[in-house]
Amino acid sequence: MLGSGGREHALAWKLAQGKRVEQVFAGPGNAGTGGCARDLPAVNPARFETIADACRLNRIDCVFVGPEGPLADGVVDYLAEQKIPAIGPHRSAARLESSKSFSKAFMQRNGLPTAEAEEFADASSFEDFVRSAKGRRLVVKKSGLAAGKGVLESSRAEDLIPFGRAILQKDILLVEEFLDGWEVSIFGLSDGKDFIVLPPCTDFKKARDGDQGPNTGGMGSICPVPWVDPDLMNRIRRDVVEPTYAALSREGLGYAGVLYFGLMITADGPKLLEFNARFGDPEAQVILVRMRSDIVPILQGVAAGQLKETKIEWAKEPAVCVVLASKGYPDSSDSGRPIQGLETLKSEGDVVVFHAATNRKDGALLTIGGRVLGVTALGANLDVAVQRAYEAVAKVSFEGMQFRKDIGQKALARLHAPK
Ligand SMILES: Nc1ncnc2c1ncn2[C@@H]1O[C@H](COP(=O)(O)OP(=O)(O)OP(=O)(O)O)[C@@H](O)[C@H]1O
Ligand SMILES: [Mg+2]
């Protein structure tokens, strides 16, 4: 398991439950992964040789790459040269995420439903375009990776222009029409030929309650999404997922791994906001606690090109994840705060706390950055899952801890709305 976030802890946790697993490793891991894997703190995801060395030393059979950075830099290509199997896109396919310019062009040339967009490399034509929009709501997106902080939606030129100018100093950008609707995250798992669609999720990107504040890496998630009914799921498959995988294999970009479809469900149907070439964080947490099947034979099928016929069993219970973040996140983050209360949650069957930015020092569990923990709960229904998650959150504390209090509330309001 390459990485050290909540997504990686959830994957290591799920892998460790596998029947045919001798040992799960987490490189570099965090203060939670040690509970289900052997940590490899010497592994640096940005220095590929440290990954290969650890694989050889520990006779690791396969690497599951969690975060987007090493994928964009070609870690899967490097490991292939070292004859080390890995799950994740090669550098070329990773551009679906690492270059929004490449990704948008892929969507357009393959007729995939997505927002209208213009690409800019210079500030003056960008500014002219924004001014000519006369207050129309627009979305400016940095093309390269930005850890969830490269997108601004606004109808005010005085917001959009400085944001875009800053991007254009080092990168190109897209200006997209603003799509009205509600968001859903769909994940495909593929072996490069065949694919399986996982249950729909929603993540909560905005920092504060009521979807206010700046975009973050994600402050929570729910799975499944009550209003994604079978009809809509079929439409998403027919209009977006199937044509995407067909286009990937047509263009020789098919890969063994996860593809994230960031969708806006508009009045005209599902439209692609973006692709991510990896599992989402914190969507992985809610998907994996609901997966009843052993993930190991599934990932072996992914790595070996034998995913066809694979069936995945899912829990009926919905899941909710509430992210606990440090003071100042996402603009800044402090660290070194002792974390209290996790031991009181040990006995809670349907609650799992996935670590992200944590480490241990002199036996104390400390925060080391933005998103610290993902408190994840299952429940007989969404009400119970939400209640269980927040009861667990109430038992955990660290100085400056911040979290959204409304994860799942919109879904509940919709569920309970008079028919
Ligand atoms: N065309 C659009 N219309 C309306 N909202 C949009 C549009 N494009 C993006 N957004 C909003 O901005 C958010 C971030 O955009 P996008 O997913 O493209 O960027 P990202 O930074 O790559 O996100 P992530 O961190 O999830 O990978 C979306 O989740 C959505 O809320
Ligand atoms: Mg993205």
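Residues numbered from 1 in each chain as written. Chains lettered and ligands numbered in written order. Predicted model: local features only at pLDDT ≥ 70, side-chain atom pairs only at ≥ 80, totals over all residues. Heavy atoms only, no water.

Draft legend 1. Just the coordination of the magnesium ion (ligand 2), in detail. Every protein donor of the magnesium ion (ligand 2) is accounted for by Glu274 (OE) and Asn276 (OD1), and the metal-donor separations fall at 2.0 to 2.3 Å. The exposure class of glutamate 274 is buried, given its relative accessible area of 19%. Judged by relative accessible area, which is 6%, asparagine 276 ranks as buried. (Donors = N, O, S within 2.8 Å, 3.2 Å for Na, K, Ca; no water. Buried < 20%, exposed > 50% of the residue type's maximum accessible area, 1.4 Å probe, protein only.)

Draft legend 2. Representation of the site of ligand 1 in the model. In the neighbourhood of ligand 1, 19 residues make up the surrounding shell, with Lys141, Glu176, Leu179, Glu183 and Glu274 lying closest. Within the side chain of lysine 205, an N or O atom sits 3.0 Å from an oxygen atom of ligand 1. Contact with the protein chains removes 92% of the 620 Å² of surface that ligand 1 exposes when unbound. At 3 residues, strand S17 (residues 269-276) tops the list of elements feeding residues into the shell around ligand 1. Classifying every residue of the shell around ligand 1 by side-chain character gives 7 nonpolar, 3 polar and 9 charged. Counting the residues that make up the shell around ligand 1, at least three belong to each of domain 2 (116-177) and domain 3 (182-304). (Near = heavy atom within 4 Å. Polar contact = N/O pair within 3.5 Å; in protein donor to acceptor, adjacent residues only side chain to side chain. Areas by Shrake-Rupley, 256 points an atom, 1.4 Å probe, with all protein chains shown as cover. Helix = DSSP H or I, 4+ residues; strand = E, 2+ residues; numbered from the N terminus. Nonpolar A, V, L, I, M, F, W, Y, C, P; charged D, E, K, R; others polar. Domains from an automatic or database assignment.)

Draft legend 3. Layout of the sheet that holds strand S2 (residues 25-28). The sheet built from 3 strands is open, its strands ordered S1-S2-S3 with parallel pairing. Both outer strands of the open sheet, strand S1 (2-3) and strand S3 (38-39), are each paired with one neighbouring strand and no more. Relative to S3, S2 runs parallel, the two being bridged by 2 bridges. Across the sheet, residue alanine 26 finds its bridge partner in S3, namely aspartate 39. (Pairing = 2+ DSSP bridges.)

Draft legend 4. Fine view of the environment of serine 333. Counting through the fold element by element, serine 333 comes out in the loop between strand S18 (319-325) and strand S19 (351-355). Look at serine 333 and you get partly exposed, because its relative accessible area is 40%. Each C-alpha atom of the pair serine 333 and proline 113 lies 37 Å from the other, and the pair is 220 residues apart in sequence. Sequence-distant contacts of serine 333, that is, excluding residues within four places in its chain, are made with Ser326, Lys327, Gly369 and Gly370. (Contact = heavy atoms within 4.5 Å.)

Draft legend 5. The domain arrangement of the protein chain, seen in detail. For the protein chain, the assigned domains read domain 1 (2-95), domain 2 (116-177), domain 3 (182-304) and domain 4 (319-415). The interface is formed by 9 residues belonging to domain 1 together with 9 residues belonging to domain 4. Looking only at domain 1, the three residues that lose the most surface to domain 4 are His9, Trp13 and Ala31, adding up to 60% of its buried area. Joining domain 1 to domain 4, the criterion identifies 6 residue pairs in polar contact (both at pLDDT 80 or more). (Buried area = accessible area lost by both parts, 1.4 Å probe.)

Draft legend 6. Local environment of the pairing of strand S10 (residues 182-191). By the criterion of burial, S10 is predominantly enclosed, with 8 of the 10 residues buried. With 10 bridges connecting them, S10 and strand S16 (residues 256-266) associate as antiparallel partners. Counterpart to glycine 188 in the pairing with S16 is leucine 259. Bridge analysis of S10 against strand S11 (residues 195-197) gives 3 bridges, and the strand direction is antiparallel. From the neighbouring strand, serine 190 faces S11, where its bridge partner is phenylalanine 195. Linkage of S10 to S11, two consecutive antiparallel strands, is achieved through a turn of 3 residues, within which glycine 192 is found at a positive phi near 100°.

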